[in-house]
2 protein chains.
Amino acid sequence: MARIGKLVVIGVGLIGGSFALALKRARAVGHIVGVGRTRRNLAAALKLRIIDEVSRDLAGTVKDADFVLIATPVGQMPAVMAAIAPHLPLRAVVTDGGSTKRDVIACARRFLGGHFPRFVPSHPIAGTERSGAEVASVELYRDRCVVLTPLQDTRADAVKRVRDAWKACGARVVRLDAAEHDRIFGTVSHLPHVVAYALVNALARRPDAKRLFGYSAGGLRDTVRIAGSSPEMWADICVANRDALLAALEEYEDELERVRAAIDSGDAAELRRMFEQARSAREKWLVKKRP
Amino acid sequence: MARIGKLVVIGVGLIGGSFALALKRARAVGHIVGVGRTRRNLAAALKLRIIDEVSRDLAGTVKDADFVLIATPVGQMPAVMAAIAPHLPLRAVVTDGGSTKRDVIACARRFLGGHFPRFVPSHPIAGTERSGAEVASVELYRDRCVVLTPLQDTRADAVKRVRDAWKACGARVVRLDAAEHDRIFGTVSHLPHVVAYALVNALARRPDAKRLFGYSAGGLRDTVRIAGSSPEMWADICVANRDALLAALEEYEDELERVRAAIDSGDAAELRRMFEQARSAREKWLVKKRP
């Protein structure tokens, strides 16, 4: 790939920080500037050599950028895009790390203006329940999938530059239509997060919550691991992907109702059939797939 | 503890097999006989030296037993108890590894007859989504909690012998009232299993299930790990603990409805508040507790 001269990472958390680290290791970038809301997080990123420089002047720092990654929660992207649009040089490509794509695209169309053809929407399928620069990892994207959802009017050379950058991080890159992307991730990612948050809250609401959690074991712990994820990020995602998530949630609630009915009628044979089906599906599609 | 002369393990899977292994290592047992439905599993248990002998004659082998562990799915316990009751010597204590306690106690009262005072209901809070003798582990109970739910008419010396055996396996032993036990585990264990099974099935039911699962990552994988658990065992548990599980499920569905309503109205602030509450509860009660 062509080396990136100056990279600006807006939001130096797990996603942005890991991108910076991986490009550094690949010797694919010259200078990295980090921008963000939290002084302490940026200081940590600098200390950990994730970035080379901290800037609090977004407009000033993008004006000679070659590559801009917006890795903030999706709710902040309108303000970020509006702030950088008038200052982006023609040579700069812009991409993002958002978990939803239709809303990010609508936002870019509205706020990036003439720069829109050089914006390549992307979603790296990586992450953990932890957040912040301190958990960034040079290996985060190794063998992970990154989905690009370019539009008709996205420039091919911009797509290539963004694809090459993710590949340099060790990722596999695939393309999807943005609506298809949102439908898929509403089901396989956003729904499980809602399920995990709701399950913890159903227990936490009880007056004897402390005692209840005290008797829990590895089953509950793994089931709700992702309820440790950033509340701000996930609230934004839920709102941004509202229709697809509500559709997925409805199918899940129907499924839960089927199990509830079988428990209610004491139908062990039906429960066993349902659980067998779930076990087989998990075995076939989740256990054997690479991590 | 007093050494166990002859131990009979009925159902040599993860729970029964690990009990046998741990007592052997503690030199707390003389001879171990395994009984079960599946010839291949018993042959594996013998080969792995989990048990010393396989018996297909349940009545014949319990007649000189000192200690009997019933570690079958709860649905098989009536038949097992009815078969052993007439042959148990007075010196034998009987315990079980069932995840529900009121139904096991009712079953023991009905089928163990005069031997009931020497039956000590127990529930080891340990296990994984895998089953069978081959996954038994000498370390399974190390630092884990085992709940005993003895009754008014359970003999104190029987409770002591069963408690000592679990302690010899490395477990901490606590006592609970049976109804309280079922209420607690209906919430912290049985509900998460139902949630995980239903979530997998909601995806598996889709015509494009294969593709959907192909885009999933670690979040979904952990959330549904326990959907790999034994369908037979969990169908039995759901039916046995019907009332407590339905109550827990209803609270969870109410919680899910609150999230759904907030998504539906696009209320990011409310979603953030809910997710923050879940994250704090998880942090406070699940992350810091020992595994």
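All values derive from a computational prediction rather than experimental measurement.

A. Molecular detail of the interface of chain A and chain B. Every contact between the two is made by 75 residues of chain A and, on the other side, 74 residues of chain B. Among the elements that take part in the side of chain A that touches chain B, helix α7 (residues 178–204) of chain A stands out by supplying 18 residues, more than any other. Residue classes in the side of chain A that touches chain B are distributed as 46 nonpolar, twelve polar and 17 charged.

B. Up close: the packing of helix α12 (residues 268–287) of chain A against helix α7 (residues 178–204) of chain B. The geometry of α12 of chain A relative to α7 of chain B is characterised by a closest axis approach of 9 Å and an angle of 70 degrees between their N-to-C directions. Judged by the inter-axis angle, α12 of chain A sits roughly perpendicular to α7 of chain B. With respect to the hand of their crossing, α12 of chain A and α7 of chain B are arranged in left-handed fashion. Contacts from Met 274, Phe 275, Gln 277, Ala 278, Ala 281 and Arg 282 of chain A of α12 of chain A reach α7 of chain B at Tyr 197, Val 200, Asn 201 and Ala 204 of chain B.

C. Here's a closer look at the pairing of strand β1 (residues 4–10) of chain B. In terms of burial, β1 of chain B is a largely internal element, five of the seven residues being buried. Handedness of the crossover joining β1 of chain B and strand β2 (residues 29–35) of chain B through helix α1 (residues 14–25) of chain B: right-handed.

D. Spotlight on the relation of the copies chain A and chain B. When chain A is fitted onto chain B, the two copies agree to an RMSD of 0.0 Å after a turn of 180 degrees and an axial shift of 0.0 Å. Each copy turns onto its partner about a two-fold axis. The rotation axis passes nearest to the C-alpha of Thr 223 of chain A in chain A, at a distance of 1.9 Å. A share of 99% of interface residues in chain A that are also interface residues in chain B marks the association as one of identical surfaces.

E. The arrangement of the sheet that holds strand β4 (residues 67–70) of chain A in detail. Residue and element names in this part refer to chain A. Spatially, β3-β2-β1-β4-β5-β6 is the arrangement adopted by the six strands of the open sheet, whose pairing is parallel. Among the strands making up the open sheet, the edge pair consists of β3 (53–54) and β6 (119–120). Bridging between β4 and strand β5 (residues 93–96) involves four bridges; their strand directions are parallel. In the strand pairing of β5, Leu 69 is matched with Thr 95. Along the sheet, helix α1 (residues 14–25) makes contact with β1 (4–10), β2 (29–35) and β4, crossing β1 at roughly 165 degrees.

F. Quick peek at the packing of helix α11 (residues 242–264) of chain A against α12 of chain A. Residues and elements named next belong to chain A. In contact at an axis separation of 8 Å, α11 and α12 are set at 150 degrees when each is read in the N-to-C sense. Accordingly, the angle class assigned to the pair α11 and α12 is roughly antiparallel. Two packed elements cross with a definite hand, and for α11 against α12 that hand is left-handed. Residues Arg 258, Val 259, Ala 262 and Ile 263 of α11 form the contact with α12, whose own contacting residues are Glu 270, Leu 271 and Met 274. Among the residues making up the contact of α11 with α12, the classes are represented as five nonpolar, no polar and two charged.

G. Focus on the sheet that holds strand β4 (residues 67–70) of chain B. All names here are of chain B. Read across the sheet, six strands follow the order β3-β2-β1-β4-β5-β6 without closing on themselves; strand pairing throughout is parallel. The two strands at the open ends of the sheet, each matched to only one other strand, are β3 (53–54) and β6 (119–120). Across two bridges, the pairing between β2 and β3 is parallel. Within the sheet, the bridge partner assigned to Val 33 lies in β3 and is Glu 53.

H. Representation of the nonpolar core within the structure. In terms of nonpolar packing, the biggest core is built from 208 residues, with Val 9 and Val 68 of chain A together with Val 9 and Val 68 of chain B touching the most fellow members. Leave out the neighbours within four places in its chain, and Val 68 of chain A touches Val 8, Ile 10, Val 62, Ile 84, Ala 92 and Val 94 of chain A.

I. Representation of the pairing of β1 of chain A. Residues and elements named next belong to chain A. With six bridges connecting them, β1 and β2 associate as parallel partners. Paired with Ile 4 across the two strands is Val 29, which belongs to β2. In terms of strand pairing, β1 meets β4 through four bridges, oriented parallel. Paired with Leu 7 across the two strands is Phe 67, which belongs to β4.

J. Looking closely at helix α2 (residues 39–47) of chain B. Residues and elements named next belong to chain B. Here α2 has its buried residues at Asn 41, Leu 42 and Ala 45. Projected down its long axis, α2 carries its buried residues within an arc of 95 degrees, all on one side. More than 90 degrees from the buried face of α2, the exposed residues found are Arg 39, Arg 40 and Lys 47. On its buried face, α2 sits against α1, β2 and β3. Where α2 terminates, the next one or two residues include Arg 49, which has phi positive at roughly 60 degrees.

K. View of unusual backbone geometry. Phi is positive for Arg 49 of chain A, close to 55 degrees, though the residue is something other than glycine. The topology assignment puts Arg 49 of chain A in the loop between α2 (39–47) and β3. Phi at Arg 27 of chain B takes a positive value of approximately 50 degrees, unusual for a residue other than glycine. Look at Arg 27 of chain B and you get exposed, because 9 C-beta atoms sit within 10 Å.

L. Molecular detail of the domain arrangement of chain A. Residues and elements named next belong to chain A. The domain architecture assigned to chain A consists of domain 1 (4–176) and domain 2 (180–287). One C-alpha centre belongs to domain 1, the other to domain 2; they are set 31 Å apart. Taken residue by residue, the interface counts 14 residues in domain 1 and 16 residues in domain 2. Of the residues that constitute the side of domain 1 that touches domain 2, the class distribution is four nonpolar, six polar and four charged.

M. Representation of helix α10 (residues 231–240) of chain B in the model. Across the ten residues that make up α10 of chain B, a large majority, nine, are buried. Tucked into the core, α10 of chain B has its buried residues touching α11 and α12 of chain A together with α5 (102–111), α7 and α11 (242–264) of chain B.

N. Quick peek at the environment of Thr 61 of chain B. Residue and element names in this part refer to chain B. In this fold, Thr 61 is placed in helix α3 (residues 58–62). Residue classification places Thr 61 among the buried residues on the basis of 21 C-beta atoms within 10 Å. As for Thr 61 and Val 194, which are separated by 133 residues in sequence, their C-alpha atoms are 37 Å apart. Residues within four places of Thr 61 in sequence aside, it is in contact with Val 8, Val 33, Val 35 and Ser 55.

How each quantity is defined
Residues numbered from 1 in each chain as written. Chains lettered and ligands numbered in written order. Predicted model: local features only at pLDDT ≥ 70, side-chain atom pairs only at ≥ 80, totals over all residues. Contact = placed C-beta atoms within 7 Å. Helix = DSSP H or I, 4+ residues; strand = E, 2+ residues; numbered from the N terminus. Nonpolar A, V, L, I, M, F, W, Y, C, P; charged D, E, K, R; others polar. Axes fitted to C-alpha atoms, helices over the stretch in contact; angles between N-to-C directions. Parallel < 35°, antiparallel > 145°, perpendicular 65-115°, else oblique. Left-handed = near helix turned anticlockwise from the far one by under 90°. Buried ≥ 20, exposed ≤ 12 C-beta atoms within 10 Å, placed from the backbone. Right-handed = clockwise from strand over helix to strand, strands pointing away. Least-squares fit on C-alpha atoms with pLDDT ≥ 70 in both. Pairing = 2+ DSSP bridges. Core = buried A, V, L, I, M, F, W, Y, C linked by C-beta atoms within 7 Å. Arc of directions from axis to C-beta. Domains from an automatic or database assignment.

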